[in-house]
There are 2 protein chains.
Amino acid sequence: MQKYYQKIKNSPIFYGMADFELDRMLECFRAVIKHYEAGDTIIRSGDIITKIYLILEGDVNIEKDSYWGRRIIIQKLHENNNIALSLVASKNTESNINAVCTKDATILILNYEKCSAMCQNACMHHGAFIRNMFKILSKENVELIEKIENISQKSIRDKLLTYLSNESQKNKSNMFEIQFNRQELADYLNIDRSAMSFELSKLKQEGFINYKKNKFILKVQV
Amino acid sequence: MQKYYQKIKNSPIFYGMADFELDRMLECFRAVIKHYEAGDTIIRSGDIITKIYLILEGDVNIEKDSYWGRRIIIQKLHENNNIALSLVASKNTESNINAVCTKDATILILNYEKCSAMCQNACMHHGAFIRNMFKILSKENVELIEKIENISQKSIRDKLLTYLSNESQKNKSNMFEIQFNRQELADYLNIDRSAMSFELSKLKQEGFINYKKNKFILKVQV
DNA sequence: ACATTTCTGTTGTTTTTACAACAAAAGGAA
DNA sequence: TTCCTTTTGTTGTAAAAACAACAGAAATGT
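Residues numbered from 1 in each chain as written. Chains lettered and ligands numbered in written order. Predicted model: local features only at pLDDT ≥ 70, side-chain atom pairs only at ≥ 80, totals over all residues. Heavy atoms only, no water.

Caption draft 1: How the structure looks around the relation of the copies chain B and chain A. In screw terms, the move from chain B to chain A is a rotation of 180° and a rise of 0.0 Å along the axis, fitting with an RMSD of 0.1 Å. With respect to symmetry, the two chain copies, as superposed, fit the operation of a two-fold axis. Here 100% of the interface residues in chain B have copies in chain A that are interface residues too; the copies meet face to matching face. (Least-squares fit on C-alpha atoms with pLDDT ≥ 70 in both. Contact = heavy atoms within 4.5 Å.)

Quick look at the structure:
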């Protein structure tokens, strides 16, 4: 635990807490650290989620299997992200998603149920913690809405321009670097990779954008 | 305010509060009630959101205008829903969505900022309130993920079957009634209405489903 | 009951996308 | 460097969806 203390302290979910408060919380939550290898399933669809998972290292995908085989990537999570935080609040709710480790990961696991039952009123730090959770969930909400906006566009071109425009706004610059490679971007936008590459080429030719690998320049105000 | 007291009391955001607590909260939050007519814009993209909006009556759409004209419906909100709750937590964040009244509405507006600044520690009911908000946001999160699942399917048929299957699960029955009419369902699933109607007919012919108006029977386990 | 409006289903045509197969470029390892 | 692997770009074809236009059904108002 000591090895990861700084990381834990700097994570959004413990934001603004002094060391002594953090120590108290970790104890109260029965915090444990668990390691997962790429390919491991951390949460399986159907599991009852009663714990909070904080990614300290590694990558995790939130996926959903459709009944006819196709796998949908809902979110890609990294360091400092929480897994399935929204499922903790709705008690005794089965998970409807899988959380799959895609890059060797270290996860901090907090027994939220136990703690919230015990110290809802007693533990003075609980209030700050739940406010942090609320903020995290809010942010996630905004991101999900953004994803819906992106994939709700009706053509590949519109999806790309909307996505790039959103990224540009977030970076407050018309030059920015994206987090996805081409296949991942296609998965995120729910389109065919080759068709997307073709459309990117066209957009470049027509002077709307420029790019090299993951660095993009949005030349038009969309 | 008295006219809507029971509605307010029974809303999820004030869940579990006694009358005296509710009174105190409403005062603390500087609660006001505002009426909107169908067509009114309640929140405009660019607004800074510092208040909590609770729908007591009427319908509200959360929409996003794409830069090339098309309007995307992100969510349809009704009685007991909160508008843009996720934007309140991220302080000083501009709204990136429009909230448009689609059926004459009565909205309870709470000055969250003022209250949370004043009584974060003082007001003993604030804790319960934020836990309620957390739960609401969690639920919304789960619904957004479900929408992403639905619209991420690659064919109209798969979108329909996924949506119907999810509805069936929620109703714990293979017979259920859906909340959308055909045009609204097509908007929600991001597909063309007529193409959707055609696919529904095929699914009925092939024996996968049966339906009459908004009542559906899912005959297969998908 | 009748007229009018709204909602739903059907069909043909055009446009867009997915898919497959391959080419070119970039990145790593020996 | 060279070989091999991974990523990205290109093209033709087949499949799917959007679109438009209309017909029939259901709901609504008078």
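Caption draft 2: Quick look at the environment of A:A105. With respect to the element layout, A:A105 can be found in strand β6 (residues 98-110). Put simply, A:A105 and A:R157 are 52 residues apart on the chain and 35 Å apart in space, counted from C-alpha to C-alpha. (Helix = DSSP H or I, 4+ residues; strand = E, 2+ residues; numbered from the N terminus.)

Caption draft 3: Quick look at the protein's contact with DNA strand D. Lining the immediate surroundings of DNA strand D are 19 residues, of which A:R182, A:S197, A:S201, B:S155 and B:I156 lie closest. A breakdown of the atoms of DNA strand D within 4 Å of the protein gives sugar and phosphate a share of 63%. In the environment of DNA strand D, a base oxygen lies 3.0 Å from a nitrogen or oxygen atom belonging to the side chain of A:R193. One of the side-chain nitrogen or oxygen atoms of A:S197 is found 3.0 Å away from a phosphate oxygen of DNA strand D. The set of elements that each furnish at least two residues to the surface near DNA strand D consists of α7 (182-189) and α8 (193-205) of chain A together with α8 (193-205) of chain B. If you tally residues by element for the surface near DNA strand D, the top one is α8(A), at five residues. Looking at the surface near DNA strand D, its residues break down into five nonpolar, eight polar and six charged. (Near = heavy atom within 4 Å. Polar contact = N/O pair within 3.5 Å; in protein donor to acceptor, adjacent residues only side chain to side chain. Nonpolar A, V, L, I, M, F, W, Y, C, P; charged D, E, K, R; others polar.)

Caption draft 4: Molecular detail of helix α5 (residues 126-152) of chain A. The end-to-end C-alpha distance of α5(A) is 38 Å, a good match for the 39 Å that 27 residues give at a rise of 1.5 Å each. With respect to burial, α5(A) is a largely interior element, 20 of its 27 residues being buried. (Expected span 1.5 Å × (residues − 1). Buried < 20%, exposed > 50% of the residue type's maximum accessible area, 1.4 Å probe, protein only.)

Caption draft 5: Representation of helix α2 (residues 19-28) of chain B in the model. All names here are of chain B. Every buried residue belonging to α2 is among E21, L22, M25, L26 and C28, and all of these are buried. All buried residues of α2 lie within an arc of 160° about the axis, which places them on one face of the element. Exposed and facing more than 90 degrees away from the buried side of α2 are F20 and E27. (Arc of directions from axis to C-beta.)

Caption draft 6: A look at the interface of chain B and chain A. Counting residues at the interface gives 40 residues for chain B, matched by 40 residues for chain A. Regarding the contact of chain B and chain A, the summed buried area is about 4200 Å², with carbon and sulfur atoms giving 66% of it. Between the two partners, chain B and chain A, sit two salt bridges. A salt bridge links B:K64 to A:E149; its shortest N-O distance comes to 3.1 Å. Our enumeration of links across chain B and chain A arrives at four residue pairs in polar contact (both at pLDDT 80 or more). Where the side of chain B that touches chain A is concerned, the elements lending two or more residues are β4 (71-77), α3 (85-89), α5 (126-152) and α6 (156-171) of chain B. By residue number, the principal contributor to the side of chain B that touches chain A is α5(B), which donates 17 residues. (Buried area = accessible area lost by both parts, 1.4 Å probe. Salt bridge = Lys/Arg side-chain N within 4 Å of Asp/Glu carboxyl O.)

Caption draft 7: Summary view of the nonpolar core. In terms of nonpolar packing, the biggest core is built from 98 residues, with A:F14, A:I83, B:F14 and B:I83 touching the most fellow members. Ignoring sequence-local partners within four residues, the contact set of B:F14 consists of B:I8, B:K9, B:L22, B:M25, B:L26, B:L108, B:L110, B:F129 and B:N132. (Core = buried A, V, L, I, M, F, W, Y, C linked by side-chain atoms within 4.5 Å.)

Caption draft 8: How the structure looks around the sheet that holds strand β9 (residues 215-218) of chain B. All names here are of chain B. The sheet built from three strands is open, its strands ordered β7-β9-β8 with antiparallel pairing. Looking at which strands have only one partner, the edges of the open sheet turn out to be β7 (175-177) and β8 (209-212). In this sheet, adjacent strand axes meet at a mean angle of 20° when their direction is disregarded. Where β7 lies against β9, three bridges are found, and the strand directions are antiparallel. By the bridge assignment for β9, E177 is matched with K215. In the packing of α6 onto the sheet, contacts are made with β7, β8 and β9, and the angle to β9 comes to roughly 95°. Of the strands in this sheet, β8 and β9 touch α8, which is tilted by about 120° from β8. (Pairing = 2+ DSSP bridges. Axes fitted to C-alpha atoms, helices over the stretch in contact; angles between N-to-C directions.)

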